[in-house]
Amino acid sequence: MSDFSGKLYVPGDAGFEEAVFARVFNARRPTDRRPSAVLVAENEHDVVAGVRYAADNGLSVAVRSGGHSWAVWSVQNNTLLIDLGKLNSAAYDEATGIVSGGPAIQGGNELDPFLAERGRFFNGGHCPPVGIGGFLLQGGQGWCQRGWGWAAESVVAIDVVTAEGELVRADAERNSDLYWAARGAGPSFPGIVTKFHLKTRPRFQHLFHSVQVYDIADFAEVMTWMYAVEPTISPDVEIVCVSLCPPSVDGEPRKRVFVVTGVALVDSPEAGHEALAPLQTCPIIDRAFENVMAESSLAEQRESQIQMNPENWRYYADNVWVDGEVHDIVEALTPVFTTSPEPDAFTIWFGNGLMRELPDMAFSLQSPAYIATYLAYEDSANDARNRAWLNDAMVAAQPVTVGQYLGDSDMTNRQLKFMADDNFARLQKIIAERDPEARFVRYLAGDSATVNRNHWEVSS
Ligand SMILES: Cc1cc2nc3c(=O)[nH]c(=O)nc-3n(C[C@H](O)[C@H](O)[C@H](O)COP(=O)(O)OP(=O)(O)OC[C@H]3O[C@@H](n4cnc5c(N)ncnc54)[C@H](O)[C@@H]3O)c2cc1C
């Protein structure tokens, strides 16, 4: 038996079931998958010991950092699940501006306040409790990703426990294959990251936001205008269009609306107004029920994320990168934006039209716009109906779909391309060299032979 500082749970132990799903965000949990043991690691030495314990006991290893994977990737059969929840410390180096954080540190709740005290910023995930571990490994669509880059682009080094159970540093010079893979491999990374070393930037002084609320019937007109204006807008602005049902007023039935939002992270009020001004050019702006441009704060923005993603609810999420003629895109996206069986479901269009060239890293697939649906609901009786609606809406989007982002994916339901072919081939080579015995779990997919291919392009 290994000597762990943390606690090892096996089936039958009091606390085993709680440990299997500890901190898992999605209340819709897998019923056909269970680990063979769970290790709640106290420190990185436990992670090393855990990998060796798994090898001695013929188990693969799955890990959990923040527990926010929609598809609950951390829970898999025949595995030792290593829970990294206690690896959540942060340290900042004044001389380099680099922050070093444990994989379970929550981007918004923990890392950001730590950096704010030091006048620095790192563009972590939008919802405050998302762990940096899974988020960074799959690319990381943080605040202002459109202009400031994928969060993984700010990773300068990682500390990794390898399949042999050794703790190593990986960066551009040392173990550069692992460093390359860690920026995009997502849940098939051949190692366990125990620490991320991240470049930070000076903190913005002001956050201004613009919010316009339209009738959902105006979706096509507003979306068409958005495709024209978005690439002209400053890289300091995040642009998200959302279909949602605001809370009921005076007991009236909730009505779906289309909301155009811009968030400018800037250093002066003048810069905020200037950056958001192009959003006032919508040709049907006089039809907006609401048109606000005002100072806001990251705390206020985060609170709205928490309201939209309630804890202990059931979720289906799916997503697509889309490209093509604007008319075709708008038509293909009409079902997912204008219909939904659940009033609390919302769908986002995330502007990415600036499309900067990506550095050499595993993450390599994106397009001028990202679309994701989050079907939030409470009643398990609606599981089948909601699954069917989301699948149908994604089929409608197929003609303009180029692929998906791992962060909002579930490959047990359907598979899409998420990485350029050359990068995927290079990643498979790294995995084969670094983890020949498959100590670490790979992508949790319905069909492992067709991973990284759009399902409708796979001939049977
Ligand atoms: C409410 C909500 C809001 C979200 N908002 C955003 C957003 O704004 N931007 C965005 O990009 N994504 C977002 N996501 C998606 C989220 O980034 C992914 O689900 C991500 O996987 C979560 O990371 P985690 O560490 O919390 O998840 P976990 O479930 O703990 O980890 C997911 C998987 O990643 C791998 N992994 C995690 N940590 C490690 C590690 N240290 N070493 C090796 N492998 C590891 C493992 O395979 C693990 O099973 C959101 C998700 C939710 C639920």
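Everything quoted here is computed from the prediction, not taken from an experiment.

What counts as what
- Residues numbered from 1 in each chain as written.
- Predicted model: local features only at pLDDT ≥ 70, side-chain atom pairs only at ≥ 80, totals over all residues.
- Heavy atoms only, no water.
- Disulfide = S-S within 2.5 Å.
- Buried < 20%, exposed > 50% of the residue type's maximum accessible area, 1.4 Å probe, protein only.
- Pairing = 2+ DSSP bridges.
- Helix = DSSP H or I, 4+ residues; strand = E, 2+ residues; numbered from the N terminus.
- Axes fitted to C-alpha atoms, helices over the stretch in contact; angles between N-to-C directions.
- Contact = heavy atoms within 4.5 Å.
- Domains from an automatic or database assignment.
- Buried area = accessible area lost by both parts, 1.4 Å probe.
- Near = heavy atom within 4 Å.
- Polar contact = N/O pair within 3.5 Å; in protein donor to acceptor, adjacent residues only side chain to side chain.
- Areas by Shrake-Rupley, 256 points an atom, 1.4 Å probe, with all protein chains shown as cover.
- Nonpolar A, V, L, I, M, F, W, Y, C, P; charged D, E, K, R; others polar.
- Expected span 1.5 Å × (residues − 1).
- Bend = angle between axes of the 7 residues up to and from the residue.
- Phe/Tyr/Trp six-rings, centres within 6.5 Å; stacked < 30°, edge-to-face > 60°.
- Lys NZ or Arg CZ within 6 Å of the ring centre and 35° of its normal.

As a further point, take the state of the cysteines. Here the structure, examined in full by the defined rule, presents zero disulfides. Counting only cysteine sulfurs, Cys144 is the nearest neighbor of Cys127, a cysteine outside any disulfide, at a range of 18 Å. When its relative accessible area of 12% is taken as the criterion, Cys127 is described as buried. Unpaired in this structure, Cys245 has its nearest cysteine sulfur neighbour in Cys241, at a distance of 17 Å.

This part is about the sheet that holds strand β13 (residues 237-244). Here eight strands make up an open sheet; going across it, the order is β15-β12-β14-β13-β17-β18-β16-β19 and the pairing antiparallel. One side of each edge strand has no neighbouring strand; the edge strands of this open sheet are β15 (290-296) and β19 (401-403). Sheet twist, expressed as the average angle between the axes of neighbouring strands with direction ignored, equals 25 degrees. Here helix α9 (residues 298-308) sits on the sheet in contact with β12 (206-215), β13, β14 (257-266), β15 and β17 (346-351), set at roughly 40 degrees to β12.

The next subject is the domain arrangement of the chain. Examined at the domain level, the chain breaks down into domain 1 (7-83), domain 2 (90-202) and domain 3 (206-408). Summarising the inter-unit geometry, the C-alpha centres of domain 1 and domain 2 are found 22 Å apart. Each partner contributes residues to the interface: domain 1 has 12 residues there, and domain 2 has 18 residues. Summed over both partners, the interface of domain 1 with domain 2 comes to about 1100 Å²; 73% of that surface belongs to carbon and sulfur atoms. When residues of domain 1 are sorted by the area they lose upon contact with domain 2, Glu44, Ser65 and His68 head the list and together hold 39% of the total.

This part is about the site of the ligand. Residues in contact with the ligand amount to 32 residues; listed here are only the nearest, Ser65, Gly67, His126, Gln141 and Tyr405. Contacts to the ligand include Ser69, whose backbone N or O atom sits 3.1 Å from an oxygen atom. In this structure, an oxygen atom belonging to the ligand sits 3.2 Å away from a main-chain N or O atom of Gly131. In the complex, the protein chains occlude 95% of the 960 Å² of accessible area that the ligand would expose alone. The biggest single contributor to the shell around the ligand is helix α4 (residues 132-137), with four residues. Across the shell around the ligand, the residue classes tally to 14 nonpolar, 17 polar and one charged.

This brings us to helix α10 (residues 326-338). Here α10 spans 17 Å end to end across 13 residues, near enough to the 18 Å set by a 1.5 Å rise per residue. Along its length, α10 reaches its greatest deviation from straightness, about 35 degrees, at Ala332, and the proline Pro335 lies no more than four positions downstream. Those residues of α10 lying buried are Ile329, Val330, Ala332, Leu333, Val336 and Phe337.

In the structure shown here, the tally under the stated rule is 21 aromatic pairs. Summarising the aromatic geometry, the rings of Phe25 and Tyr315 are spaced 5.3 Å apart at their centres and angled 35 degrees between planes, so their arrangement reads as tilted. With Phe25 in the loop between α1 (16-21) and β2 (37-40) and Tyr315 in strand β16 (residues 314-322), this residue pair connects regions lying 290 residues apart in the sequence. On the accessibility criterion, Tyr315 (1% relative accessible area) is buried. Here Trp70 and Tyr374 contribute two aromatic rings whose centre-to-centre distance is 5.5 Å and whose plane-to-plane angle is 40 degrees, an arrangement assigned as tilted. One end of the pair, Trp70, is in the loop between β3 (60-64) and β4 (79-83); the other, Tyr374, is in strand β18 (residues 369-377), with 304 residues separating them in the sequence. For the pair formed by Trp70 and Tyr374, the shared burial category is buried. These aromatic residues form a ring-pair network of at least three members: Phe25, Trp70, Tyr315, Phe346 and Tyr374. The ring of Tyr179 has Arg183 sitting right over it, with the charged end atom 3.8 Å from the ring centre.

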